[in-house]
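Below, each chain spelled out in residue letters.
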Amino acid sequence: MNELKRSIIIRFHDVCDEWIDILKKGKYNTLGLHFITTKNTMEDYIEWLERDGRAFIEKVEAEGILVEHELHALRYLLPRDLFDAHPEYFRINKDGKRANDHNLCLQSKEALEIVADRSYGLAKILKQTGHRYYLWTDDVEDAWCHCEECEKLSASDQNLIMAEYILKGLRRYDEKAELCYLAYHDAVVPPTRPVPEGIFAEYAPIHRDMFTPITEGENAVHAETVKDLFKTFPAENAEILEYWLDVSFYTKWGRLPLIKVPYHENVLNADFDFYKSLGVCAIKTFGAYMDKAYLEEYGDKEIIDYGNLLSEK
């Protein structure tokens, strides 16, 4: 069996050299980089990557730690400014109106081909070392199309169709590319469409209670959801994306003042054991807003302890 991927996902604004030592001490073998779409665009992320990011990534990967990009990408893959010329590319919302706010209309093959083409272009820009890619749909509930034909498709099926076209573009750049199906918000239920080769599930239970193990109390519904998901997506190829160390989660998505993340080892142990029992290949947590100021104020003990605890599983 391959080594379990042990990752923390931080914003590009959180990056500082202190993170390299933290990752080593915490025995992480992967780092994810991310941006929050209400605060930044893909263009901002690419600008940072060219200016500072590549040098940081090289330092991290020199330590044997893989760096991946985990990004809500649809607004970049289908530029919103195409709406005036091609409103048919974009979704119909619940009010029956064409809108360029989120995602796209799955009935527009031209829009889907643009997504594929720009996925290829984005992969060339990212120059990722690994072959697993994380280019997600929009970070909003009910962001799907409600036109007459798309209405027949579940949120999960719409998510999967978009993933198929993103993967199509990625494989023009990297023939070994695999793409994440982000099981998140209203796309956590399994799609009914066949899952193409090369697409794996990443389960992110954003609505769970972080102070109780995933299998207990009201959380038990999330444990059942992921087990159902793995009837469609093989668990041994799937990844878990949690919120155990996510400052933004505990502060209601980054509202000030920031707080020190709570650390409940009993919850971590129970959750790790449950997810490991499913046979997943990666267990990851968001760690947004753990920037240099956070580290100076609160330290890195929880981050390192978490990583070491996971490495013992």
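Residues numbered from 1 in each chain as written. Predicted model: local features only at pLDDT ≥ 70, side-chain atom pairs only at ≥ 80, totals over all residues. Heavy atoms only, no water.

Visitor: Would you take a moment to explain the side chain of Glu-70 for this structure?
Guide: Following the sequence through the fold, Glu-70 ends up in strand E3 (residues 66-72). A relative accessible area of 0% places Glu-70 in the buried class. Each residue touching Glu-70, except ones within four places of it in the same chain, is listed here: Ile-9, Leu-33, His-34, Tyr-134, Trp-136, Glu-202, Leu-241 and Lys-284. (Helix = DSSP H or I, 4+ residues; strand = E, 2+ residues; numbered from the N terminus. Buried < 20%, exposed > 50% of the residue type's maximum accessible area, 1.4 Å probe, protein only. Contact = heavy atoms within 4.5 Å.)

Visitor: Would you mind showing me how to read the pairing of strand E7 (residues 239-242) here?
Guide: Walk down a regular strand and you will see the side chains alternate between the two sheet faces. Side chains Glu-239 and Leu-241 project from E7 onto one buried face, and the interleaved Ile-240 and Glu-242 project onto a second face that is buried too. Bridge count for strand E6 (residues 199-203) against E7 is two bridges, and the pairing is parallel. Bridge pairing in E7 places Glu-202 opposite Glu-239. Chirality of the crossover, the property in question, places the unit of E6, helix H6 (residues 220-229) and E7 among those that are right-handed. Of the strand pairs in this sheet, E7 and strand E8 (residues 282-286) are connected by four bridges, and their pairing is parallel. Paired with Glu-239 across the strands is Ala-282, a residue of E8. (Pairing = 2+ DSSP bridges. Right-handed = clockwise from strand over helix to strand, strands pointing away.)

Visitor: Mind showing me how you'd approach the pattern of salt bridges here?
Guide: It is possible for side chains bearing opposite charge to pair when their charged atoms get close. One pass over the full model with this rule turns up 31 salt bridges. One salt bridge connects Lys-5 with Glu-239, and the closest N-O pair in it is separated by 3.1 Å. Of the two residues, Lys-5 is situated in strand E1 (residues 5-11) and Glu-239 in strand E7; the sequence distance between them amounts to 234 residues. Residues Lys-5 and Glu-239 agree in their burial class; the two are buried. A salt bridge links Lys-94 to Asp-142; its shortest N-O distance comes to 3.8 Å. Here the residue Lys-94 occupies a position in the loop between helix H3 (74-77) and helix H4 (109-126), and Asp-142 occupies one in the loop between strand E4 (132-136) and helix H5 (155-173), the gap between them amounting to 48 residues. (Salt bridge = Lys/Arg side-chain N within 4 Å of Asp/Glu carboxyl O.)

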